[in-house]
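Coordinates in review
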Amino acid sequence: MRLSRYFLPVLKETPGEAQIVSHQLMLRAGLIRQTAAGIYAWLPLGLRVLKKIEGIVRAEQDRAGAVEVLMPTIQSAELWKTSGRYDAYGPEMLRITDRHDREMLFSPTAEELFTTIFAGGVRSYRDLPRILYQIQWKFRDEIRPRFGVMRGREFLMKDAYSFDIDLASARHSYNRMFIAYLRTFAAMGLHVIPMRADTGPIGGDLSHEFHVVAATGESGVFYHEKWEQPRSLEVDADDAAALQAYVDGLNADYAATDEKRDPALEAATGASLKESRGIEVGQIFYFGTKYSAAMGLSVQGPDGSAIVPHMGSYGIGVSRLMGAIIEASHDDAGIIWPDAVAPYRVVLINLRADDAVCTAAADALYAKLEAGGVEVLYDDRDERGGAKFATADLIGVPWQVVVGPKGVAAGTVEVKRRGAGAKEEMGVEAVVARVIS
Ligand code: 5CA
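To start, this report covers the structure provided alongside it. Values in this document were obtained by computation on a predicted structure and should not be read as measured data.

Cut-offs and rules
Residues numbered from 1 in each chain as written. Predicted model: local features only at pLDDT ≥ 70, side-chain atom pairs only at ≥ 80, totals over all residues. Heavy atoms only, no water. Helix = DSSP H or I, 4+ residues; strand = E, 2+ residues; numbered from the N terminus. Rg over C-alpha atoms; globule rule 2.2 N^0.38 Å. Buried < 20%, exposed > 50% of the residue type's maximum accessible area, 1.4 Å probe, protein only. Areas by Shrake-Rupley, 256 points an atom, 1.4 Å probe, with all protein chains shown as cover. Lys, Arg positive; Asp, Glu negative; His and termini not counted. Charge placed at Lys NZ, Arg CZ, Asp CG, Glu CD. Pairing = 2+ DSSP bridges. Axes fitted to C-alpha atoms, helices over the stretch in contact; angles between N-to-C directions. Core = buried A, V, L, I, M, F, W, Y, C linked by side-chain atoms within 4.5 Å. Domains from an automatic or database assignment. Contact = heavy atoms within 4.5 Å. 1 Å grid on protein atoms, 1.4 Å probe; cavity = no way out; pocket = protein on both sides within 12 Å on 5 of 7 lines; lining within 4 Å. Points joined across faces, edges and corners; volume = space filled by probe spheres on them. Nonpolar A, V, L, I, M, F, W, Y, C, P; charged D, E, K, R; others polar. Salt bridge = Lys/Arg side-chain N within 4 Å of Asp/Glu carboxyl O. Phe/Tyr/Trp six-rings, centres within 6.5 Å; stacked < 30°, edge-to-face > 60°. Lys NZ or Arg CZ within 6 Å of the ring centre and 35° of its normal. Near = heavy atom within 4 Å. Polar contact = N/O pair within 3.5 Å; in protein donor to acceptor, adjacent residues only side chain to side chain.

1. Section: the overall build of the protein
Looking only at helices and strands, the protein features 14 helices and 23 strands. For 437 residues, the compact-globule estimate of 2.2 N^0.38 gives 22 Å, and the C-alpha radius of gyration of the protein, at 25 Å, lies within 12% of that figure. For the protein, the C-alpha atoms occupy an extent of roughly 80 × 60 × 40 Å along the three principal directions. By the burial criterion, 54% of the 437 residues in the protein qualify as buried. Carbon together with sulfur atoms contributes 51% to the accessible area of the protein, which is approximately 18,700 Å² in total. One finds the centroid of the 49 positive side-chain charges in the protein at a distance of 3 Å from the centroid of its 58 negative side-chain charges.

2. What about the sheet that holds strand 5 (residues 94–97)?
Ordered in space as 4-6-5, the three strands form an open sheet in which the pairing is antiparallel. Because the sheet does not close on itself, it has two edges, and the strands there are strand 4 (74–76) and strand 5. Neighbour-to-neighbour, the strand axes of this sheet turn through a mean angle of 40°, independent of strand direction. Sheet topology note: the strand 5/strand 6 (residues 103–106) ladder contains four bridges and is antiparallel. In the sheet register, Arg 95 faces strand 6, and the bridge partner there is Leu 105.

3. Here's the deal with the environment of Gly 55
Checked against the element boundaries, Gly 55 lands in helix 2 (residues 44–63). Separated by 73 residues in sequence, Gly 55 and Leu 128 place their C-alpha atoms 26 Å apart.

4. A closer look at the nonpolar core
Core analysis: the largest hydrophobic core is formed by 83 residues, its most contacted members being Leu 31, Ile 53, Phe 185, Phe 210, Val 281, Met 322 and Trp 337. Residues from two domains meet in this core; each of domain 1 (3–335) and domain 2 (344–436) gives at least three. Other than its neighbours up to four places away in sequence, Phe 185 contacts Leu 190, Val 192, Phe 210, Val 281, Gly 282, Ile 316 and Leu 321. In this structure, Ala 77, Trp 80, Tyr 161 and Ile 307 belong to the second largest nonpolar core, which totals 26 residues.

5. Comments concerning the layout of surface pockets
The calculated volume of the largest pocket comes to roughly 940 Å³. Forming the boundary of the largest pocket are 41 residues, of which Arg 140, Arg 151, Glu 280, Gln 283 and Arg 320 lie nearest the centre. Of all the elements in the fold, those that place two or more residues in the lining of the largest pocket are strand 8 (154–164), strand 13 (273–288) and strand 16 (310–317). Split by residue class, the lining of the largest pocket holds 16 nonpolar, 13 polar and twelve charged. Taken as a whole, the second largest pocket encloses approximately 280 Å³ of empty space. For the second largest pocket, the full set of lining residues is Val 10, Leu 11, Lys 12, Arg 28, Ala 333, Arg 381, Glu 383, Arg 384, Ala 387, Ala 390, Thr 391 and Leu 394. Here the residues of the lining of the second largest pocket sort into six nonpolar, one polar and five charged. The residues that make up the lining of the second largest pocket include at least three from each of domain 1 (3–335) and domain 2 (344–436).

6. Some remarks on the pattern of salt bridges
Evaluation of the coordinates by the stated rule reveals 30 salt bridges. The shortest N-O distance in the salt bridge between Arg 85 and Glu 112 comes to 2.8 Å. Here Glu 112 lies in helix 5 (residues 111–119) and Arg 85 lies in helix 4 (residues 85–88), a separation of 27 residues in the sequence. The same class applies to Arg 85 and to Glu 112, which are both buried. Note that Asp 198 is salt-bridged to Lys 260, the shortest N-O span being 4.0 Å. Taken together, the residues Asp 198 in the loop between strand 9 (192–196) and strand 10 (206–213) and Lys 260 in the loop between strand 12 (255–257) and helix 8 (263–269) connect sequence positions 62 residues apart. Looking at Asp 198, the relative accessible area reads 35%, which means it is partly exposed. Judged by its relative accessible area of 33%, Lys 260 falls in the partly exposed class. Through salt bridges that share partners, Glu 142, Arg 146, Arg 151 and Glu 218 make up one connected network.

7. Digging into the packing of aromatic side chains
This model, assessed by the stated rule, comprises 13 aromatic pairs. Centre to centre, the rings of Tyr 366 and Tyr 378 are 4.8 Å apart; their planes meet at 35°, and the pair counts as tilted. On the criterion of sequence distance, the pair formed by Tyr 366 in helix 11 (residues 356–371) and Tyr 378 in strand 20 (residues 376–379) is long-range, its members being twelve residues apart. Note on accessibility: Tyr 366 and Tyr 378 belong to one class, buried. An aromatic cluster of three or more residues is present, and its members are Phe 178, Tyr 181, Phe 185 and Phe 210. Above the face of the Tyr 344 ring, Arg 48 is positioned so that its terminal group lies 3.9 Å from the ring centre.

8. Comments concerning empty space enclosed by the protein
Enumeration according to the criterion identifies one cavity of 30 Å³ or more in this entry. A volume near 40 Å³ is recorded for the largest cavity. Residue lining of the largest cavity: Tyr 40, Trp 42, Trp 137, Val 149, Gly 152, Glu 154, Phe 155 and Ser 319, and that is the complete set. Secondary-structure elements contributing two or more residues to the lining of the largest cavity are strand 2 (39–42) and strand 8. Taken together, the residues of the lining of the largest cavity sort by class into five nonpolar, two polar and one charged.

9. Observations concerning the site of the ligand
The full set close to the ligand counts 22 residues, and Thr 109, Glu 111, Arg 140, Gly 152 and Glu 280 are the nearest of them. With respect to the ligand, the backbone of Met 150 contributes an N or O atom lying 3.4 Å from a nitrogen atom. Measuring from an oxygen atom of the ligand, one finds a side-chain N or O atom of Glu 280 at 2.4 Å. Sort the elements by how many residues they give to the shell around the ligand and strand 13 lands first, with five residues.

The quantities given are spatial measurements derived from coordinates; they are silent on function.
As structure tokens, then:
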């Protein structure tokens, strides 16, 4: 993509309304714009990152055996009256009246709808277990939307729902999602700690939140210092017993959110206990038959009797993750995207767009990188070098390739890894291999 034809409205000044660095950088780097309190437009660069994050979430859900669907954002109030949550959800639910005075709402989560749709399509215990998921916009009329996409009103969520014949099977589904979550966040370059958590308005008695440790996090978190080391994620998720042992092993090292502090376990953790703040990027719940019973989901068991499936639900804050990744990976000059979620792999800078020879060399390298399947943002604008470097650092693309008149004369370009600092001169032929490696 040529920057001369792109839409990248970067800001020189830090917007006054943004209190935390990720929000400031998302505005400055032209990723998002606020259109109303807690509601954002996704600009081209931000949308690319959102799609990358979504892609990683999707790949790990698919790998865990979950099946993708897409539910509507606008739902009928009837559905929510059936479960009793229409009144219980309170002012966070955005209620809408249509032209026929029918009560509708913008979905803040989707247990009721998934349970109802699933109920309409299964008959027998042989149709279980199943996990369905979607990646869809949600709306919660948060009393205090803040920190940009971290606590928005409209936000993108991956929500999954599991249906199992009994508790043991439901535990296996829960554990599958548990490991899928750890793999998802690791693939984005994030260090995430699973914490024992409260269940809140979703209900149930077993829940974990997944937190990125960051000073700007909204939750207080407490964890064993062992959690500061990365964990091996090698376990066979199809082997229920092995997976349970793996999850039990993780849970043996204390980690809990503020609301779920467990004095006895905490005391046992003793001096090894770390206290910090965390950004909740995901939460998983097991809640038994709460929604299946309410929504009339039952299947025929092996002996012909009716069985009410056990359920869990599993959320990931897809749009919030972008803020969390930036909180975890930036410097004074801007964002440092982990490779897996970077909007482009390379920013190619033509230092002298007014010089025909330099421009011809930069054009040729651009064509070569594109032909090599590399995602390139080509800064072909007629601007000063300093401004181009500042933009490149701000938007945080992992590789910066600089074409200047001196190098062109010598047949070389400059290659720099964002965040690493050191520059390297190399022949044009070597560039593609380097940025792909
Ligand atoms: N039904 C369950 C699981 S699908 C559920 O709604 N869980 S949740 O309430 O924990 O939301 C899932 C994830 O969405 C959270 O972990 C968080 O990362 C993200 N999230 C929740 N509220 C917001 C918000 N206001 N802005 C951005 N992300 C949010």
